Amino acid sequence: MKLVRVHIFGYGKWEDRVWDISNNNNLSLFMGKNEAGKSTLMSFIQAVLFGFPKKGENQFIPVKTDKYGGSVSLLTEDYGSITIQRIKGNKVKGDVTVFFPEGQEGGEEELLSVLKGLDQHTFQGIFHFNLDGLNGLGNIHPEDLNQFLYDTGIGGAQQLTRLEKKFYSEMELLFKPRGKKTEMNLLLKELEGKKREKQRWEDRIAAYEQLKRDIKEREKKHNEVKKEWKITNDKINQVEKADMIFPLAKEWEQRRLWLKEGKSIALFPEKGLERLEALEHKRSEVVTLLKDENVKLAMLERDNQQLECHPFWKDLKREIEYIDKKNDVYQARKNDWKEYQLEKEHLSRKKNAIEKEWSTYEINFSRIVYHQTLKSQYDQIKEMSNTKQLYEQRLKEEIEKVTKEGREEEGEVVRIEQHLMSKEELALLKNKINEMEEKGDTKVQKLLIKERLNSSHRHHDKLVSQEKQQVSILGGLTGAFLLIALYGFLFSEGIITVIGAGFTLLFLMTVFLKRNAIFKQKKEQIKEQEVLQTQLRELDNETADKTSLEHWKREFEWENERRRQLEQLKNQLQRLTQKQDVLFKEWDELQEGKRNVQRELKEWAERYRLPLNLSFSLYDRLLESLEKWNAIEEQLFLLNGKMDTLYLELKEFEDMLEEIIKKTGLKKGNSVRESVQFLIQFYDREVEKGSRFQRIKEQIQLREESLLRLQHEKEQIEKEMDTLLRNAEVNNEEDFRRKAYHYEQQRIQEEEKNHYWIQMKTIFPDETLLMKSIQRLIYENYSPGIERKHLEEIVKKLELEMNTHLEEIATLKQEVTLLEQDGTYEEILLTFSQLNEELKTLAKQWATYSVGSQMIKHVKGIYERERQPAVIKKAEEIFQELTDGEYKRVYAPLGEERFIVEHKDGARYEPSQLSRGTCEMLYLAFRFALASLFSVKAPFPIIMDETLVNMDRTRRIRVVSFLNKFSKGRQILLFTCHHHIANEFQCEKIDMFQD
């Protein structure tokens, strides 16, 4: 399985980012500084494969986009090229889609099939290496280091051992066979105490039930007495109520008798006296108003007789109103005429100023006929001149540009020609290249020669060793026989002397011959070594010549490139020369066109009687002045016509005004405005007189109507007063007042009687009971105080009996309380049952942990029997390579959860006795062994995050060499921020800041 493409839609800092590593080898290195996004990319790959992080973890939510997720593309053996896409969905893990090559799509089940059932924890433990695992080696206690490596050999991490320790810890917290403070031990002890207490209660049940029956009997008697006591108290309450209503009943009875004995007035007008007084007051006011109206009517008739109007003012009304209406128009026309006069003077001054401005050129503006044709012809000539001017400027710039480019191209041609080789030099260089290319590859020859040279060195060392060994043996034997010969010579033993001397000579001859033979072999080996060294140097020289070959090839290519450039420059220079000739020809044609424009301008000026040989700017000003002068002349003509029309209108209005003034007999004013004002004042006075006459007439009519209305109102009031007296059945106002007083007294007595009745009914809501109580209190000489004393004595007797019953009940309850001092029997039963249930729950928990612990042991046993030998074997091979053969064996003692490593000299060590660097190599060996064996099921890519950062250079080179070899069978993704580590890898490097 190989990761070929990563596309992040939005994840952490990455937004719409793509990494394509399909063309890379199996070993890819991602470079980036801290905070560059390496960890985000690694987290994204795992998130797509296994689901987004949960809430509470770092979910890498993007800040600048709403898109969350992305896709990874994999190349698999079973399915071919597939794409896995995971985006934000309803689930925390997100929605995943697997796209297969033939267009099919799948979800989580298909993804699980692609991953061969691999989960995220297994992936992190086997295929994801980071610095935390290596740093953890330095923080672990030496006693725990062996267990850590043992766990690494099982699953790449410590999850299984941590889970086993957790189960064991939870079991000990719940129960210990001889423990006293664990939860289950305490619960068992408490359960035994409750069982003994339950037995004691069962013995006391009989006496307890009898006391309960006695208490119920006493309580029944107490309730009967209490009921009688309550009835007696209710009677006392009734007596107290009767005592309370006694004064109210007396007052109520007095009002009842007063109403019964007096003469009752059945009918009388409601608020009759008030109504009578109101009508009298109203009649008085109406009489006063009648007198006032008569006086005002007489005054109005007198004022009306004194008014006198002009006899013809109504006939002049229309003419005066017309004059008044037209006066504003007249004043406006008058002002317009003045403004026209001022404008005429202003235009005349502007006209004179224009003529004065061009007086130097003796121009008679009145002779020049300015029209649109003159202006359009001039604009055409000017446009032609401007076009020629712009074209001249552009052509001038083009000529300068072409001239400059030509000079630059000539300089470049000269420069390139100076650097060109001669034809002889170029041919010699080409021959050298052909000769070097004919020679074969010397790499294999060098390897063979080096192997022969090393073999020769080893043979030479072997000869030296043999020489030393033979000399030492033969020298020892020669010395021994020489001593024997000396011994025989000293002690006159001729035979021994001869034998010793003979053997001594023999051994000396043997030593000489052996050394001579070995010396010849060594000489031959040295000669062979010199020959091989010479051959090796020659091959090295050829390698150096090969480096020169590359240089010569580049020189040859550069020479050809310079010749191509020179040819192009010459062609370009020829094109520039041709273009320059065309531009000079266009320049001559342009100058001739400019002269034609000047001739046309002169003809135009002569045609329209304008000064000759002026510049275009002066002609522009002259035409502008001509246009202004003609416009002013036209305005003056129109203005004179308007002023004549206004004069006729003003004259007509003044004549009409003078005629009306004569009709009214008024004096003519000093001005038209003053005369109009006199007419308006005359008209206003006459209108005011007419209006006042009309108002007085209307007021007289209103007064007469008001007199009739008041007279009618007076008669209506008198009718209402008669009706009020008839309703009260009296003949005059005095009788009416007396009857009204008596009716009021009757109403007051009735209200007081009702008031006392309501108060008594509040105390006695039942009317029947209330009437009986009033009858007893008023007419039967009933005394509530005597009856209350009798009832209170009965209450005291009942309370005494009730207290006796309560004391007996309290005594019995006290005995029951003594029996219940440790809680009731039901409570003990309930507690006993609850403790049993709690014990069962804890026992289930303990059993669960125990089964889990046994399962983990079973899994470890299976691992030790089936998987551990293969892991250890593979780890041993990798460990030998990573330590350059310093350690030759790794094994686990049977039945023990630990490892032993064996040095090449036979010494054995536990991991805690090794150096930190060697422990790191052992840890990596187990991790790579696990990944290698798991690859049989699914060769997932290995992700390594800063794994090599703390290693020394020697170990790091070994690990790099191993990774290069290991990556031939699977993909490895390396992440680092260190350039010195990246430079040690000969693989594709991906910059995290570049696409």
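As annotated in an unreviewed UniProt entry, the chain carries the name AAA family ATPase and is attributed to Evansella tamaricis.

A.B. asks: What am I meant to see in the overall build of the chain here?
C.D. replies: Within the chain one finds 22 helices and 14 strands. Of all 995 residues assigned to the chain, the portion counted as buried reaches 34%. Sequence-distant contacts in the chain: of pairs separated by 6 or more residues, those separated by 24 or more amount to 73%. Surface accessibility of the chain: about 63,800 Å² in total, with carbon and sulfur atoms responsible for 51%.

A.B. asks: Honestly, the packing of aromatic side chains in this entry has me stumped. Any pointers?
C.D. replies: Aromatic rings in a pair are described by how distant their centres are and how their planes are angled relative to each other. All chains considered together, the criterion is met by 16 aromatic pairs. Through pairs of rings, three or more aromatic residues link up here, namely Y11, F44, F52, F60 and Y68. The ring of W14 carries K13 above its face, with NZ or CZ at 5.4 Å from the centroid.

A.B. asks: What exactly am I supposed to notice about the nonpolar core here?
C.D. replies: One recurring pattern in soluble globular proteins: nonpolar side chains tend to sit buried together. Of all hydrophobic cores here, the largest spans 81 residues; its most connected members are I84, L924, F928, I942, L963 and F985. With eleven residues, helix α20 (residues 916-934) is the single largest residue contributor to this core. Not counting chain neighbours up to four residues away, the residues in contact with F985 comprise L27, L29, L948, V960, L963 and L974. In terms of nonpolar packing, the next biggest core, distinct from the first, is built from 29 residues, L374, L622, L636 and M643 among them.

A.B. asks: Please explain a negative patch on the surface as it appears in this structure.
C.D. replies: Residues E240, D243, E792 and E793 make up a contiguous surface patch of negative charge. Put simply, the parts of the chain that give the negative patch at least two residues each are α7 (183-261) and α18 (784-819). Considering the arrangement of structural elements, one finds E793 in helix α18. Residue E793 is classed as exposed on the basis of its relative accessible area of 51%.

A.B. asks: Is there a simple way to explain a nonpolar patch on the surface in this structure?
C.D. replies: Together, I495, I499, F503 and L506 make up a nonpolar patch on the protein surface, roughly 390 Å² of accessible area in all. Tracing the chain through its elements places F503 in helix α13 (residues 494-607). Given the relative accessible area of 36%, F503 is considered partly exposed.

A.B. asks: When you look at the pairing of strand β6 (residues 95-99) in this model, what are you seeing that I'm missing?
C.D. replies: For a regular strand, side-chain orientation follows a simple rule: the groups alternate between the two sheet faces. Where burial is concerned, the two faces of β6 differ: the one with V96 and V98 is buried and the one with D95, T97 and F99 is not. Both strand β5 (residues 80-87) and β6 contribute to a ladder of five bridges, which runs antiparallel. Note on β6: the bridge partner recorded for I87 is D95. Hairpin geometry of β6 and strand β7 (residues 105-106) is characterised by an intervening segment of five residues between the two adjacent antiparallel strands and by a positive phi of about 95° at G103.

A.B. asks: Would you explain the side chain of S71 in this entry?
C.D. replies: Along the chain, the position of S71 falls in strand β4 (residues 69-76). The class for S71 is buried, based on a relative accessible area of 8%. With sequence-adjacent residues up to four places away left out, S71 is seen in contact with R5, V6, H7, F44, T83, I84 and Q85.

A.B. asks: I tried to follow the sheet that holds strand β11 (residues 908-909) on my own but got confused; where do I start?
C.D. replies: Hydrogen bonds between backbone atoms are what pair the strands of a sheet, whose relative direction is either parallel or antiparallel. The strand order β9-β10-β11 describes an open sheet built from three strands, whose pairing is antiparallel. Either end of the sheet is taken by a strand with one partner, and the two such strands are β9 (887-891) and β11.

A.B. asks: What should I look at first to understand the sheet that holds strand β2 (residues 14-20) in this one?
C.D. replies: Here we have six strands laid out as an open sheet, ordered β2-β1-β4-β5-β6-β7, and antiparallel in their pairing. A strand with exactly one partner marks an edge of an open sheet, and here the two such strands are β2 and β7. Helix α1 (residues 38-50) rests against β1 (2-11), β2, β4 and β5 of the sheet, and its axis sits at about 100° to β1.

A.B. asks: Please clarify how the confidence of the model for the chain should be interpreted in this entry.
C.D. replies: Detailed reading of the predicted coordinates is not advisable wherever pLDDT falls low. Across the chain, the average pLDDT comes to 77, with 84% of residues at or above 70. Mean pLDDT values over the elements of the chain span from 50, in helix α5 (residues 142-155), up to 93, in β6. Note on residues 137-145: pLDDT is under 50 here. Beyond four places in sequence and across chains, it has 14 contacts.

A.B. asks: Would you mind going over the packing of helix α10 (residues 372-419) against helix α14 (residues 616-664) with me for this structure?
C.D. replies: A pair of packed helices is captured by two measures, namely the crossing angle of their axes and the spacing between those axes. One way to put it is that α10 packs onto α14 with a least axis distance of 12 Å and a crossing angle of 160°. Taken as axis vectors, α10 and α14 run roughly antiparallel relative to one another. The crossing of α10 and α14 is left-handed. In contact with L374, K375, Y378, I381, K382 and S385 of α10, α14 contributes F616, Y619, D620 and L623. Taken together, the residues of the contact of α10 with α14 break down into six nonpolar, one polar and three charged.

A.B. asks: Just to check I follow, could you spell out the environment of N352 for this structure?
C.D. replies: Mapped onto the elements of the fold, N352 is located in helix α9 (residues 317-357). The sequence separation of N352 and W629 amounts to 277 residues, and the corresponding C-alpha distance is 9.1 Å.

A.B. asks: Please clarify how the environment of K54 should be interpreted in this entry.
C.D. replies: Structurally, K54 is set in the loop between α1 and β4. Along the chain, K54 and K91 lie 37 residues apart, while their C-alpha atoms are 10.0 Å from each other. When near neighbours in sequence (up to four residues on either side) are disregarded, K54 contacts Q59 and V92.

A.B. asks: When you look at the pattern of salt bridges in this model, what are you seeing that I'm missing?
C.D. replies: Any two side chains of opposite charge can pair, on the condition that their charged atoms come close. Tallied over the entire structure, the rule returns 23 salt bridges. One salt bridge connects E108 with R86, and the closest N-O pair in it is separated by 3.1 Å. Taken together, the residues E108 in helix α2 (residues 108-114) and R86 in strand β5 connect sequence positions 22 residues apart. The class for R86 is buried, based on a relative accessible area of 0%. Residue R595 pairs with E592 through a salt bridge whose shortest N-O separation is 2.7 Å. On the criterion of helical spacing, the pair formed by R595 and E592 is a turn pair, its members being three residues apart in helix α13. Here E592 falls in the partly exposed class, since its relative accessible area comes to 36%. Sharing partners across several salt bridges, the network here consists of K888, R889, E902 and R908.

A.B. asks: It is not clear to me how the packing of helix α16 (residues 733-763) against helix α17 (residues 767-779) should be interpreted in this structure. Could you clarify?
C.D. replies: Viewed as axis vectors pointing N to C, α16 and α17 meet at an angle of 110°, and their least axial separation amounts to 10 Å. Considered as vectors, α16 and α17 are oriented roughly perpendicular to each other. Contacts between α16 and α17 pair W757, M760 and K761 from the former with E767, L770, M771 and I774 from the latter. For the contact of α16 with α17, the per-class residue count stands at five nonpolar, no polar and two charged.

A.B. asks: Explain the side chain of H222 to me, please; I cannot follow it from the model alone.
C.D. replies: Looking at the secondary structure, you find H222 in helix α7. For H222, a relative accessible area of 10% translates into the label buried. Excluding residues within four positions of it along the chain, H222 makes contact with M802, H805, L806 and I809.

A.B. asks: Looking at this structure, how should I read α10?
C.D. replies: The terminal C-alpha atoms of α10 lie 70 Å apart, and with 48 residues this matches the ideal 70 Å at 1.5 Å per residue to within 8%. Of all the positions in α10, only L374, Y378, I381, S385, E392, L395, I399, V402, G406, E409, V413 and I416 are classed as buried.

A.B. asks: Can you help me understand unusual backbone geometry in this one?
C.D. replies: A negative phi holds for most residues other than glycine; trans holds for most peptide bonds. Its identity as a non-glycine residue notwithstanding, D16 has a phi of 50°, on the positive side. Residue placement: D16 occurs in strand β2.

A.B. asks: Quick question: what am I supposed to make of the pairing of β1 here?
C.D. replies: Of all ten residues in β1, eight are buried; the element is thus mostly enclosed. Two strands pair when backbone bridges link them, and β1 and β2 are joined in this way by six bridges, in the antiparallel orientation. Its bridge partner being in β2, H7 is matched across the sheet by V18. A loop of two residues connects β1 with β2, the two strands running antiparallel in sequence, and G12 in this loop sits at a positive phi of about 65°.

The rules behind the values
- Residues numbered from 1 in each chain as written.
- Predicted model: local features only at pLDDT ≥ 70, side-chain atom pairs only at ≥ 80, totals over all residues.
- Heavy atoms only, no water.
- Helix = DSSP H or I, 4+ residues; strand = E, 2+ residues; numbered from the N terminus.
- Buried < 20%, exposed > 50% of the residue type's maximum accessible area, 1.4 Å probe, protein only.
- Contact = heavy atoms within 4.5 Å.
- Areas by Shrake-Rupley, 256 points an atom, 1.4 Å probe, with all protein chains shown as cover.
- Phe/Tyr/Trp six-rings, centres within 6.5 Å; stacked < 30°, edge-to-face > 60°.
- Lys NZ or Arg CZ within 6 Å of the ring centre and 35° of its normal.
- Core = buried A, V, L, I, M, F, W, Y, C linked by side-chain atoms within 4.5 Å.
- Patch = residues over 30% accessible without salt bridge, like charges linked within 9 Å, V, L, I, M, F, W, Y side chains within 5 Å.
- Salt bridge = Lys/Arg side-chain N within 4 Å of Asp/Glu carboxyl O.
- Lys, Arg positive; Asp, Glu negative; His and termini not counted.
- Charge placed at Lys NZ, Arg CZ, Asp CG, Glu CD.
- Pairing = 2+ DSSP bridges.
- Axes fitted to C-alpha atoms, helices over the stretch in contact; angles between N-to-C directions.
- pLDDT = per-residue confidence, 0-100.
- Parallel < 35°, antiparallel > 145°, perpendicular 65-115°, else oblique.
- Left-handed = near helix turned anticlockwise from the far one by under 90°.
- Nonpolar A, V, L, I, M, F, W, Y, C, P; charged D, E, K, R; others polar.
- Expected span 1.5 Å × (residues − 1).

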